[in-house]
Number of protein chains: 2
Amino acid sequence: MASSETGGRVFADLMRLAEVVEPGQPGWTRRVFSAEYLRSRELVWELMESAGLEVRRDPAGNLIGTLEGTDAQLPALILGSHTDTVAGGGRFDGPCGVMAAIEVVRRINERGGRPRRTIWVVDFLGEEPNDFGISCVGSRAVAGHLSPEHLQLTDRSGRTLAEALAAVGGDPDRIGEACWPEGTASAYLELHVEQGSRLEEAARGLAVVTAIAGIHRAEIRLEGRADHAGTTPMDRRSDALLAAAEVSLEVERLGRREGRGVATVGRLELEPNSPNVVAERAVLIAEYRSGDAVWLATTDDLLQEVVENAPARRGVRGSLAWLSREEPTICAEELRSVLLESAREIGEEPLELPSWAGHDAVQMAAVCPVAMLFVPSRGGRSHCPEEWTDPEQVEVGTRALVAAVTRLAV
Amino acid sequence: MASSETGGRVFADLMRLAEVVEPGQPGWTRRVFSAEYLRSRELVWELMESAGLEVRRDPAGNLIGTLEGTDAQLPALILGSHTDTVAGGGRFDGPCGVMAAIEVVRRINERGGRPRRTIWVVDFLGEEPNDFGISCVGSRAVAGHLSPEHLQLTDRSGRTLAEALAAVGGDPDRIGEACWPEGTASAYLELHVEQGSRLEEAARGLAVVTAIAGIHRAEIRLEGRADHAGTTPMDRRSDALLAAAEVSLEVERLGRREGRGVATVGRLELEPNSPNVVAERAVLIAEYRSGDAVWLATTDDLLQEVVENAPARRGVRGSLAWLSREEPTICAEELRSVLLESAREIGEEPLELPSWAGHDAVQMAAVCPVAMLFVPSRGGRSHCPEEWTDPEQVEVGTRALVAAVTRLAV
């Protein structure tokens, strides 16, 4: 089939998937435990099946499509990503890698002949952070990193992660069976949008990822005292909102340190959150990222100091709990070489870049060697409705992935 | 009836009312448009009726109980307060004044003989700020200050104030009829808990209020840009949460100015409020209070400057809309004298204090002369579950109110 006919298929699949979103939410919102996410994966299942994959859902809710290779002894080559989004997110972060992987299988089948190595295409459940405070739920389970404690985490309504998982087709009682035994996988490749603007600025179409930044995420609780906003003099208040303001600005300062990381407070909840009551409680999530493990560890210490000292000056009690501490993930040298050669084979000269965003590849690195390909993000925008990658750029990424799979599986 | 038998009735009524609260909310929460608020007012209605009042509900949802006087030509003496609470509030702020007013009527009836002047006991609808951004809904309507624009205000679900009002027994189409014509009322007296600790610190049981602080309330919108919290470098962000943090700390600084006021940010909403997305939008409410009209006007100007300048340094667009600008209310000299004499008549030497909290009396000042009595608040705590006034202190306030009503109505 001519590339002019096949070229738009991945993009068309992305646009079809983008039709299944949560009503009343901004952008293209399809959060992991929403009804729309569950429904959207019927489409993913269909696309996998019609590409010739044998599809199953594992106990972690991952969709796994298998293309049987001729040599059943060889560990499988894994291609994957995710199809859930953040609230108010876009159409590319995640789905791009799943749809491209499905297209790789289509092209192998259209070319005729089975590969020697079995290929699995995986749509991992819930890569984005959720109301339970963890990310990469599906790939964590595959790596054996989804603990019984994780399953007992609750969201604000008191529902457990186990209950939420069961509601989207998982089987929390058999979660251990989602973990892949050693020797299952030979390598993991993930195509993803860059979510930054370095490719665009360099006018390049592809990047081979060198390492994935580690992410530390802490929940900070600030306990002040609720008081009447009129009758309580300014110097007798224990205002949790003002303590949260100071902690947030300190987190920014930590993120600007040495230019080796980033730090963000994106979520902040207040109680009672009423205009005429001094805030009693603030709960915020601070997250910071770096490719440098030492920088991350130092930031842990500095943040702990901030939480102990800054709120206390206002009579507010600060405490901190780690939600996750992922160290940086180094992409496998040999796979990076394969991706570089594959890109050059299709006429592209890729950049080599670290990834500032976390990916399922981080969890998969515990299972097998991993590597990633980036395609450009317009204006570097991501996790927002404006997230965009041109159809031609998606096609370049897909072709590089086909070339790499050909080298690794055939 | 001996005072030992009647003394606990107001307190007992307060505890009965406190049983009707919103489930799953902290403290004693009975917000104005909740089902529980609607239900709680059946109890208020019953208590009014069994005290011998003729009860009606006006188009603004106010409950008005009438004790007919012998001289129908005289304007009525009005006693009132409110029975709604803030989220996570207490059992005294509001209900104390309504229950004491009902008890005044009981004691007049128990004493025998009708007063010359008609007495109205009013449970004003929704004194506390609500999701529509205004307070004193019922007393505003009585003063003719609830405009058609107010009725079209919407909450976050898109419901209008008119719809919400209709759902709690009001009749928004006839709201004009809730406004009292000139000559309806001779005076308005309100008993309330102090919500501060000045009475407690002075070991006094009563205060006569000199003036009620003016309250200005502004909604501040901060529009930044949603970006991926990993891939967006620190110096390319337009972070609405950090802008909100800076504005909140500036509001605190304004409130500390000259010791003549207080300023608070108690409410802050973020979008998308996700841990790994730079905040796109923050909406916060700044409110400040002072008995000094000049201080309030200067604060308006300084706040406007803060909103224009501080967020802009981060590439965040700030805008401000006034939700309300109540000027200070001066309590009527002649009524203050009556309250002072009444207090002394029952053996109390009252303090004279300004009120830092807003009250229905502020709206009523447009209708007739107003005055207020304060009873102590333990630890000065209010708008919180710990809000407390001893039964004996409630009784002292009730007796002073009885004495004042005797002077003004009999």
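Note that the coordinates shown come from a computational prediction; the quantities given were computed from them, not determined experimentally.

A. Seen up close, the overall build of chain A. Scanning chain A from N- to C-terminus turns up 13 helices and 15 strands. Its C-alpha atoms give chain A a radius of gyration of 22 Å, near enough to 22 Å, the size a compact globule of 410 residues would have. Once the C-alpha set of chain A is aligned to its principal axes, its extents read approximately 80 × 45 × 40 Å. For chain A, the proportion of its 410 residues judged to be buried stands at 65%. Within chain A, contacts between residues separated by at least 24 positions form 77% of all contacts whose residues are at least 6 apart in sequence. Approximately 14500 Å² of chain A is accessible, and the part contributed by carbon and sulfur atoms is 48%. Mean positive and mean negative side-chain charge positions of chain A (43 and 64 charges, respectively) differ by 2 Å.

B. Just the pairing of strand E2 (residues 63-67) of chain B, in detail. All names here are of chain B. Taking burial as the measure, the 5 residues of E2 include 5 buried ones, the bulk of the element. Burial along E2 is two-sided: the face carrying Leu-63, Gly-65 and Leu-67 and the face carrying Ile-64 and Thr-66 are both buried. Bridge count between strand E1 (residues 54-57) and E2: 4 bridges; the pairing is antiparallel. Looking at the pairing, Arg-57 lines up with Leu-63 of E2. What sits between E1 and E2 in their antiparallel hairpin is a turn of 5 residues, with Gly-61 showing a positive phi close to 85°. Where E2 lies against strand E4 (residues 119-124), 5 bridges are found, and the strand directions are antiparallel.

C. Representation of helix H3 (residues 35-50) of chain A. Residues and elements named next belong to chain A. Between its first and last C-alpha atoms H3 spans 24 Å; for 16 residues at 1.5 Å apiece the expected length is 22 Å, and the two agree. Taken as a whole, H3 has its buried residues at Glu-36, Tyr-37, Ser-40, Arg-41, Leu-43, Val-44, Leu-47 and Met-48. Each buried residue of H3 sits inside an arc of 150° when the element is viewed along its axis, so together they form one side. Seen from the open side of H3, the exposed residues pointing more than 90 degrees away from its buried face are Ala-35, Glu-42 and Ser-50. Those residues of H3 hidden inside the fold are in contact with helix H2 (9-17), strand E1 (54-57), strand E2 (63-67), helix H4 (95-111) and strand E4 (119-124). Within two residues after H3, Gly-52 carries a phi angle of roughly 100°, on the positive side.

D. Up close: the sheet that holds strand E12 (residues 317-325) of chain B. Residue and element names in this part refer to chain B. Reading across the sheet, the 4 strands line up as E9-E11-E7-E12 and stay open at both edges, with antiparallel pairing between neighbours. Two strands bound the open sheet, and with one partner strand each, they are strand E9 (262-271) and E12. Averaged over all neighbouring strand pairs, the angle between strand axes comes to 20°, with direction disregarded. Inspection of the sheet shows strand E7 (residues 214-223) paired to strand E11 (residues 281-290) by 10 bridges, in the antiparallel sense. For Ile-215, the partnering residue across the bridge sits in E11 and is Arg-289.

E. Region of interest: the relation of the copies chain B and chain A. Of the transformation superimposing chain B on chain A, the axial component is 0.0 Å and the angular component is 180°, with the fit at an RMSD of 0.1 Å. When the rotation and shift are considered jointly, the pair of chain copies conforms to a two-fold rotation axis. In terms of proximity to the rotation axis, the leading residue of chain B is Ala-245 of chain B, whose C-alpha is 2.1 Å off the axis.

F. Region of interest: the layout of surface pockets. Residues and elements named next belong to chain B. Taken as a whole, the second largest pocket spans an internal volume of roughly 510 Å³. As for the second largest pocket, its lining consists of 23 residues, and the residues nearest its centre are Asp-131, Thr-154, Arg-156, Glu-219 and Val-283. Across the lining of the second largest pocket, the residue classes break down as 11 nonpolar, 3 polar and 9 charged. Residue-level mapping places the lining of the second largest pocket at the junction of two domains, with at least three residues from each of domain 1 (3-213 + 329-409) and domain 2 (214-326).

G. Spatial organisation of the interface of chain B and chain A. Taken residue by residue, the interface counts 61 residues in chain B and 61 residues in chain A. Across the chain B to chain A interface the summed buried area is about 5000 Å²; carbon plus sulfur atoms make up 56%. For the pair chain B and chain A, the number of links is 6 salt bridges. We note a salt bridge from Arg-236 of chain A to Glu-201 of chain B, for which the minimum N-O separation is 2.9 Å. Scanning the region where chain B abuts chain A turns up 32 residue pairs in polar contact (both at pLDDT 80 or more). Looking at the side of chain B that touches chain A, the elements that each hand over two or more residues are strand E8 (227-228), helix H9 (240-256), E9, strand E10 (277-278) and E11 of chain B. The class makeup of the residues in the side of chain B that touches chain A is 24 nonpolar, 18 polar and 19 charged.

H. View of the sheet that holds strand E7 (residues 214-223) of chain A. Residue and element names in this part refer to chain A. Taken together, 4 strands build an open sheet; the order of strands is E9-E11-E7-E12 and the sheet is antiparallel. Of all the strands in the sheet, the pair left with one neighbour each is strand E9 (262-271) and strand E12 (317-326). Recorded for the sheet is a direction-independent mean angle of 15° between the axes of neighbouring strands. Each of E7, E9, strand E11 (281-290) and E12 is contacted by helix H10 (residues 293-309), which is oriented at about 160° to E11, the strand it contacts most.

I. Representation of the packing of aromatic side chains within the structure. Residue and element names in this part refer to chain A. Within this structure, the stated rule accounts for 12 aromatic pairs over all chains. Judged by centre distance (6.1 Å) and plane angle (40°), the ring pair of Phe-11 and Phe-92 falls under tilted. Here Phe-92 lies in the loop between strand E3 (76-82) and H4 and Phe-11 lies in helix H2, a separation of 81 residues in the sequence. Residue classification places Phe-11 among the buried positions, given a relative accessible area of 12%. Overall, Phe-92 belongs to the buried group, its relative accessible area being 0%. Taking the centre distance of 5.5 Å and the plane angle of 75° together, the rings of Phe-92 and Trp-388 count as edge-to-face. With Phe-92 in the loop between E3 and H4 and Trp-388 in the loop between strand E15 (370-375) and helix H13 (391-409), this residue pair connects regions lying 296 residues apart in the sequence. Each of the two residues, Phe-92 as well as Trp-388, counts as buried.

J. Inspection of the state of the cysteines at higher detail. Residue and element names in this part refer to chain B. Scanning all chains against the criterion turns up 0 disulfides over all chains. Cys-368 forms no disulfide, and the closest cysteine sulfur to it belongs to Cys-331, at a distance of 11 Å. This cysteine, Cys-384, is not joined by any disulfide, and Cys-96 carries the nearest cysteine sulfur, 15 Å off.

K. Up close: the domain arrangement of chain A. Residue and element names in this part refer to chain A. What the domain assignment reports for chain A is domain 1 (3-213 + 329-409) and domain 2 (214-326). With centres defined by C-alpha atoms, the gap from domain 1 to domain 2 works out at 33 Å. The interface is formed by 14 residues belonging to domain 1 together with 13 residues belonging to domain 2. Across the domain 1 to domain 2 interface the summed buried area is about 950 Å²; carbon plus sulfur atoms make up 47%. On inspection of domain 1 and its partner domain 2, the count reaches 3 salt bridges. Across the pair Arg-267 and Asp-131 runs a salt bridge whose closest N-O atoms are separated by 3.8 Å. Here domain 1 and domain 2 share 5 residue pairs in polar contact (both at pLDDT 80 or more) between them. Looking at the side of domain 1 that touches domain 2 residue by residue, the class counts come to 7 nonpolar, 4 polar and 3 charged.

L. Representation of the side chain of Glu-127 of chain B. Looking at the element boundaries, Glu-127 of chain B is found in the loop between E4 and helix H5 (137-142). Despite its burial, Glu-127 of chain B pairs with no opposite charge, the nearest such side chain being Arg-289 of chain B at 7.5 Å.

Rules used throughout
- Residues numbered from 1 in each chain as written.
- Chains lettered and ligands numbered in written order.
- Predicted model: local features only at pLDDT ≥ 70, side-chain atom pairs only at ≥ 80, totals over all residues.
- Heavy atoms only, no water.
- Helix = DSSP H or I, 4+ residues; strand = E, 2+ residues; numbered from the N terminus.
- Rg over C-alpha atoms; globule rule 2.2 N^0.38 Å.
- Buried < 20%, exposed > 50% of the residue type's maximum accessible area, 1.4 Å probe, protein only.
- Contact = heavy atoms within 4.5 Å.
- Areas by Shrake-Rupley, 256 points an atom, 1.4 Å probe, with all protein chains shown as cover.
- Lys, Arg positive; Asp, Glu negative; His and termini not counted.
- Charge placed at Lys NZ, Arg CZ, Asp CG, Glu CD.
- Pairing = 2+ DSSP bridges.
- Expected span 1.5 Å × (residues − 1).
- Arc of directions from axis to C-beta.
- Axes fitted to C-alpha atoms, helices over the stretch in contact; angles between N-to-C directions.
- Least-squares fit on C-alpha atoms with pLDDT ≥ 70 in both.
- 1 Å grid on protein atoms, 1.4 Å probe; cavity = no way out; pocket = protein on both sides within 12 Å on 5 of 7 lines; lining within 4 Å.
- Points joined across faces, edges and corners; volume = space filled by probe spheres on them.
- Nonpolar A, V, L, I, M, F, W, Y, C, P; charged D, E, K, R; others polar.
- Domains from an automatic or database assignment.
- Buried area = accessible area lost by both parts, 1.4 Å probe.
- Salt bridge = Lys/Arg side-chain N within 4 Å of Asp/Glu carboxyl O.
- Polar contact = N/O pair within 3.5 Å; in protein donor to acceptor, adjacent residues only side chain to side chain.
- Phe/Tyr/Trp six-rings, centres within 6.5 Å; stacked < 30°, edge-to-face > 60°.
- Disulfide = S-S within 2.5 Å.

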